[in-house]
Amino acid sequence: MKTSEEILNILKDKFGDSIIELKSDKPIDSFVLAAPLEVDKICMFLRDNSDLQFDSLMNLSGVDDANGEKVKDNKGTETINGGTLSVWYHLESTKLKHKFTLKVSTERAKPEVTSVTEIWKCADWHEREAYDMYGIIFLNHPDLRRILMPYDWEHGYPLRKDYRNPEFYQGMKVPY
Amino acid sequence: MGILDKEFSEGNIVIAKTDDLFNWARLSSLWQVGFGLACCAIEMMATSASHYDFDRFGVIPRPSPRQSDIIIISGTVTLKMATRIKRLYEQMPDPKYVISMGSCANCGGPYWEHGYHVLKGVDRVIPVDVYVPGCPPRPEALLEGLMKLQEKVRNESMIKKSA
Amino acid sequence: MALKTEEMVLNMGPQHPSTHGVLRLELQLEGEIIKDVIPHIGYLHRCFEKHSEAMTYPQVIPYTDRMDYLASMYNEFGYALAMERLMGIEVPERVEYIRVIMGELQRIASHLVALGTYGADIGAFTPFLFCFRDRERILHLFEITCGARLLYNYIWIGGLSNDLHPDFIRLTKEFIKDFKPNLKELNDLLSFNAIFIERTADVGILPLETAINYGVTGPNLRASGMKWDLRKDDPYSVYNKFDYEIPVGSGEKGKIGDCWDRYFIRVREMEESLKIIEQAIEQIPDGDVKSAIPKRVKPPEGQIYTRVENPRGELGYFIISDGSLNPSRVKVRAPSFVTMQVFPELCKGFMVADVVAILGSIDIVLGEIDR
Ligand code: SF4
């Protein structure tokens, strides 16, 4: 059993700069912010280190932080420029019974995160879902396709906050 | 079958209109495509199981659309599914009927406003004969929907209408 | 194998009587042997996460019902629990007890559907009717409590929509009394049926290492031999007040983690759920089920990941609040979604006819996979 602080210190020793900080000011869950392109190495370490043994990835979620600048064009439709998208990893060790939350943030304009499918197989579909819903590119993912939306969906990433529905898809009217 | 026991002895003849006879035969054996979509499908399963017994109306689930007379659209139709549903419908032999079960299939149900991937009503892709409201409709409601469909079949005519 | 047989791609679904909904599988065969399976999902993607961003917190509850429509009570339970932890609400004891009773009844109802349809998939139709007969009794209990048979909107943030029906305790006791012999009947009819064992034992074996790496949880993980149940390992609500066992797979008829194990775990879990319900209705305290419901649900800024043991495994809610009345993000970790990924691994090397047996044994619900 280790607390988030202890885990953070182990990680700091090993990775230095790519671990950015521990945030525990918000209620309930504290989390560690890490660099998006290093996350696969960090996760590999988290799984294989004998003091940590995070053998299970509980959840991986993409999130739109919606912290960019909101721009309205002349038709009144709003888009978000800049800001970040982020990915949250909830890890757990079934052997040592401790949990850990990791967050990475990436540029909205060019969202790229390294994939952790090699480490936990269950990340595969989670990452595909995050790609499908937010357009986050997972580098080194073996098969990054849409998963829930149709493969030929061309109208953007539905869970982004500035997503707008198309009028028609394959001749079917989409809005009510 | 009261009348058949009492009123007729051997060798009797019944005179009826062909329409009535055929319609009676058709409406008593409406075979259904064994096909469930979402939560409503569970209620549809419950309808065919022990308590409500769909079989007594002659509704038997068939695994293939090519052997079926009705399709019960039981649940949310998504955009990805809509093309398949159209295809299933086209695979069924005529005469064919559609029961739209539940608010989702009727009009989008709880997903009508923000459902970016939900078709707002299956009648946008295939014609519907009976709408059964509810979320999910009780099995009794589905039975009533079926009876309404039987009524419709009963009053149909076999004679080809010109245009 | 020197003899080469023809390779073929076979499409199964989305309309197929044994895919438990609208799942599409692309089977790559070599003769009758399965080389690989590619699942295609999303045919029931109903945009749960988008909806929850547009709704206020209490309005999300009906949508959680519609995710895993066989275990609606438990979905509400998980969501309510997450929100209560985020807002720091203490709920009255009575509410906790009622939630546990409802949750366990729901577990039995859900397993009954799983077992009944599993029998039907494999060719035994009678157990299906038997299971649905018993399930109707549970649905009746739910109906007298909250008025709905399938999608309840019963467990609210901080409380319940209404108290138990005066007849509830009596009817539940009657149900338990009648259900116990029925369970034995189910065992005689299906579980220990020679043909059934032949079809399921030694088929679709899931080794423990693979299961953990793929994040498999719930009965499927326990069938592979690991004693892991969030009711005991990450306790929530009042589960630690009851005395019950966590059944694990033992490889009784074949190898550990085969289809029969996964099937039989569910039968034994129903027995354990009955024990919990029996104890809970004995101990249930009095109280007001609505006293802790907040007037306005406005949690502080922050995020939380909460999980519960749903009939299919670990159901997690990851909620981010930005301090307003609507959640900024609700992500659901659906047990079936994760379990479905391991399906190709289970199928490889078995026969085409086994696909149905394996798929039925992992007990997926498409509403939850696609959300
Ligand atoms: S109408 Fe209601 S019960 Fe039926 S599929 Fe839609 S949401 Fe589910």
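Everything numeric here is computed off the predicted structure, so don't read it as measured data.

Participant: It is not clear to me how unusual backbone geometry should be interpreted in this structure. Could you clarify?
Facilitator: Negative phi is the rule for most residues except glycine; trans is the rule for most peptide bonds. Following D94 of chain B, the chain continues to P95 of chain B via a peptide bond in cis, the omega torsion being -10°. Structurally, the position occupied by P95 of chain B is in the loop between α4 (79–91) and β4 (97–101). Phi angles above zero are rare outside glycine, and K97 of chain A is one such case at about 55°. For N140 of chain A, which is not a glycine, the phi torsion comes out positive at approximately 70°.

Participant: Explain the site of the ligand to me, please; I cannot follow it from the model alone.
Facilitator: Around the ligand sit 15 residues, and of these C39, C40, S103, C104 and C135 of chain B come closest. Around the ligand, the neighbouring residues derive from chains B and C rather than from a single chain. For the shell around the ligand, the secondary-structure elements that each account for two or more residues are α3 (39–48) and α5 (102–107) of chain B. Of the residues in the shell around the ligand, the class split is eight nonpolar, five polar and two charged.

Participant: Honestly, the interface of chain C and chain A in this entry has me stumped. Any pointers?
Facilitator: Reports often express the size of an interface as the amount of accessible area lost when the parts come together. Across the boundary between the two partners, chain C contributes 40 residues, which contact 39 residues of chain A. On the chain C side of the interface with chain A, the three residues burying the most area are N213, Q303 and Q341 of chain C, jointly 17% of the side's total. There are six salt bridges connecting chain C and chain A. The partner of K97 of chain A in a salt bridge is D233 of chain C, with the nearest N and O atoms 2.7 Å apart.

Participant: It is not clear to me how the sheet that holds strand β7 (residues 313–321) of chain C should be interpreted in this structure. Could you clarify?
Facilitator: Two modes of strand pairing occur in sheets, parallel and antiparallel, and in both the strands are linked by backbone hydrogen bonds. All names here are of chain C. Across the sheet, which stays open at both edges, the three strands sit in the order β6-β7-β8 with antiparallel pairing between neighbours. With one partner strand each, in any of the chains shown, β6 (302–310) and β8 (327–333) form the two edges of the open sheet. For this sheet the average axis-to-axis angle between neighbouring strands, irrespective of direction, equals 15°. Examined bridge by bridge, β7 and β8 share six bridges and lie antiparallel to one another. Bridging across to β8, Y317 finds its partner in V332.

Participant: Where do I start with the layout of surface pockets in this structure?
Facilitator: It is a probe the size of a water molecule, rolled over the atoms, that shows where empty space is left. Within this model, the largest pocket holds a volume of roughly 900 Å³. Lining the largest pocket are 39 residues, and of these G34 and M45 of chain B together with P17, T117 and F128 of chain C sit closest to its centre. Among the elements of the structure, β1 (32–33), α3 and β2 (61–62) of chain B together with α4 (93–122) and α5 (126–146) of chain C are those that each provide at least two residues to the lining of the largest pocket. Classifying every residue of the lining of the largest pocket gives 24 nonpolar, 10 polar and five charged. What lines the second largest pocket is a set of 35 residues, and nearest its centre among them are D64, D65, A66 and K161 of chain A together with S328 of chain C. Contributions of two or more residues to the lining of the second largest pocket are made by β2 (31–34), β3 (56–64), β6 (84–92) and β7 (99–107) of chain A together with α1 (48–54), β6, β7 and β8 of chain C. Of the residues assigned to the lining of the second largest pocket, the class counts are 10 nonpolar, 13 polar and 12 charged.

Participant: Please clarify how the pattern of salt bridges should be interpreted in this entry.
Facilitator: Opposite charge on two side chains makes pairing possible when the charged atoms of those side chains draw close. Residue and element names in this part refer to chain C. For the coordinates displayed, the defined rule picks out 53 salt bridges over all chains. One salt bridge in this structure joins E84 and R99, with 2.9 Å as the shortest N-O distance. Remark: R99 occurs in helix α4 and E84 occurs in helix α3 (residues 72–87); sequence separation between them is 15 residues. For the pair shown, E84 and R99 are each scored as buried. Here R231 makes a salt bridge to E104, at a shortest N to O gap of 3.2 Å.

Participant: Quick question: what am I supposed to make of the sheet that holds strand β1 (residues 7–12) of chain C here?
Facilitator: All names here are of chain C. Strand order in the open sheet formed by three strands is β1-β2-β3, with antiparallel pairing between adjacent strands. Where the open sheet ends on each side, the last strands, each with one partner, are β1 and β3 (33–40). Neighbour to neighbour, the strand axes of the sheet diverge by 20° on average, direction disregarded. Alignment of strand β2 (residues 24–30) against β3, held across seven bridges, turns out to be antiparallel. Note that in β3 the partner of Q28 across the bridge is D36.

Participant: Help me out: how do you make sense of the packing of aromatic side chains in this one?
Facilitator: Any two aromatic rings considered together are summarised by their centre-to-centre distance and by the angle between their planes. For the structure on display, the rule yields 23 aromatic pairs over all chains. Centroid distance F77 of chain C to Y236 of chain C: 5.8 Å. Interplanar angle 80°. Geometry classified as edge-to-face. Of this pair, F77 of chain C sits in helix α3 while Y236 of chain C sits in the loop between α10 (230–233) and α11 (259–283), and the two are 159 residues apart along the sequence. As far as the burial class goes, F77 of chain C and Y236 of chain C line up, both buried. By way of ring pairs, the aromatic residues Y74, F77, Y236, Y239 and Y244 of chain C are connected into one cluster. Positioned above the aromatic ring of Y43 of chain C is the side chain of K80 of chain B, whose terminal nitrogen or guanidinium carbon lies 5.1 Å from the ring centre. Over the ring of Y239 of chain C we find R231 of chain C, and its NZ or CZ is 5.8 Å from the ring centre.

Participant: Just checking my understanding: could you explain the packing of α4 of chain C against helix α6 (residues 168–191) of chain C for this structure?
Facilitator: Each pair of packed helices gets described by two things: the angle between the helix axes and the distance between those axes. All names here are of chain C. Contact geometry of α4 with α6 gives a least axis separation of 13 Å together with a crossing angle of 25°. Here α6 runs roughly parallel to α4, going by the angle between their axes. Read as a crossing pair, α4 and α6 show a hand that is left-handed. Mapping the contact onto sequence places I101, M102, L105, I108, L112, L115 and G119 in α4 and F168, F175, F179, L186 and L190 in α6. Its residues assigned to classes, the contact of α4 with α6 comprises 11 nonpolar, one polar and no charged.

Participant: Help me understand α3 of chain C in this model?
Facilitator: Since the α-helix turns once every 3.6 residues, residues separated by three or four places project in the same direction. All names here are of chain C. Across its 16 residues, α3 extends 23 Å between first and last C-alpha, which sits within 8% of the 22 Å expected from 1.5 Å per residue. For α3, a buried count of 14 out of 16 residues is recorded, marking the element as mostly surrounded by other parts of the structure. One or two positions beyond α3, positive phi appears at G88, with a value near 70°.

Participant: Can you walk me through the interface of chain C and chain B in this structure?
Facilitator: Chain C puts 33 residues into the contact, and the matching count from chain B is 34 residues. At the boundary of chain C with chain B, total buried surface from both sides reaches about 3,000 Å², with 65% on carbon and sulfur atoms. The largest per-residue losses of area from chain C upon contact with chain B belong to Q15, Y43 and R46 of chain C, which jointly make up 21% of the total buried on that side. Taken together, chain C and chain B are joined by two salt bridges. A salt bridge links E43 of chain B to R149 of chain C; its shortest N-O distance comes to 2.8 Å. For the pair chain C and chain B, the number of links is 12 residue pairs in polar contact (both at pLDDT 80 or more). Mapped by element, the contributors of at least two residues to the side of chain C that touches chain B are α1, α4 and α5 of chain C.

Conventions adopted
As a convention, each chain's residues are numbered from 1 in the sequence order in which they are written. Whichever chain is written first becomes A and whichever ligand is written first becomes 1, with later ones labelled in order. Residues qualify for local features only when their pLDDT is at least 70, as the model is predicted, and side-chain atom pairs are given and counted only at 80 or more; totals for whole chains, interfaces and linings, by contrast, use all residues. Side-chain calculation: all heavy atoms of the structure are included, whereas hydrogens and water are not. The helix count covers DSSP runs of H or I at least four residues long, the strand count covers runs of E at least two residues long, and both are numbered beginning at the N terminus. Throughout, near means a residue has at least one heavy atom within 4 Å of the molecule or strand. Here the term charged refers only to Asp, Glu, Lys and Arg, the term nonpolar to Ala, Val, Leu, Ile, Met, Phe, Trp, Tyr, Cys and Pro, and the term polar to all other amino acids, Gly among them. Contacts between residues were defined by any pair of non-hydrogen atoms, one from each residue, lying within 4.5 Å. Accessible-area loss on putting two parts together, using a 1.4 Å probe and summing over both, is the definition of buried area adopted here. Each reported salt bridge corresponds to a side-chain nitrogen of Lys or Arg within 4 Å of a carboxyl oxygen of Asp or Glu. Two strands are counted as paired when DSSP detects at least two bridges linking them. Lines fitted to the C-alpha atoms define the axes, with helices restricted to the stretch that makes contact. Angles between their N-to-C directions range from 0 to 180 degrees. A cavity, in this analysis, means grid points on a 1 Å lattice covering only the protein atoms where a 1.4 Å probe fits yet has no way out; a pocket is instead an open set bounded by protein on both sides within 12 Å along at least five of seven lines, and a residue lines either one if it has an atom within 4 Å of a point. Grid points are joined across faces, edges and corners, and a volume is the space filled by probe spheres set on the points. Exposure is judged per residue with a 1.4 Å probe applied to protein chains only, and the accessible area is read against the type maximum: over 50% gives exposed, under 20% gives buried, and values in between give partly exposed. Note on aromatic pairs: the rings of Phe, Tyr and Trp (six-membered ring only in Trp) are paired at centre separations within 6.5 Å, and the planes decide the class, stacked below 30 degrees, edge-to-face beyond 60, tilted for the rest. Whether a charge sits over a ring comes down to the Lys NZ or Arg CZ being within 6 Å of the ring centre and within 35 degrees of the ring normal. Geometric relationships in this document are graded by angle, where less than 35 degrees denotes roughly parallel, more than 145 denotes roughly antiparallel, 65 to 115 denotes roughly perpendicular, and other angles denote oblique. Handedness of a helix crossing follows the sense of rotation of the near helix relative to the far helix, less than a right angle counterclockwise being left-handed and clockwise being right-handed. A helix's residues, less one, multiplied by 1.5 Å, set its expected span. Polar contacts, as counted here, are pairs of nitrogen or oxygen atoms within 3.5 Å of one another; within protein the pair requires one atom able to donate a hydrogen and one able to accept it, and residues that are adjacent in sequence qualify only if both atoms are side-chain atoms.

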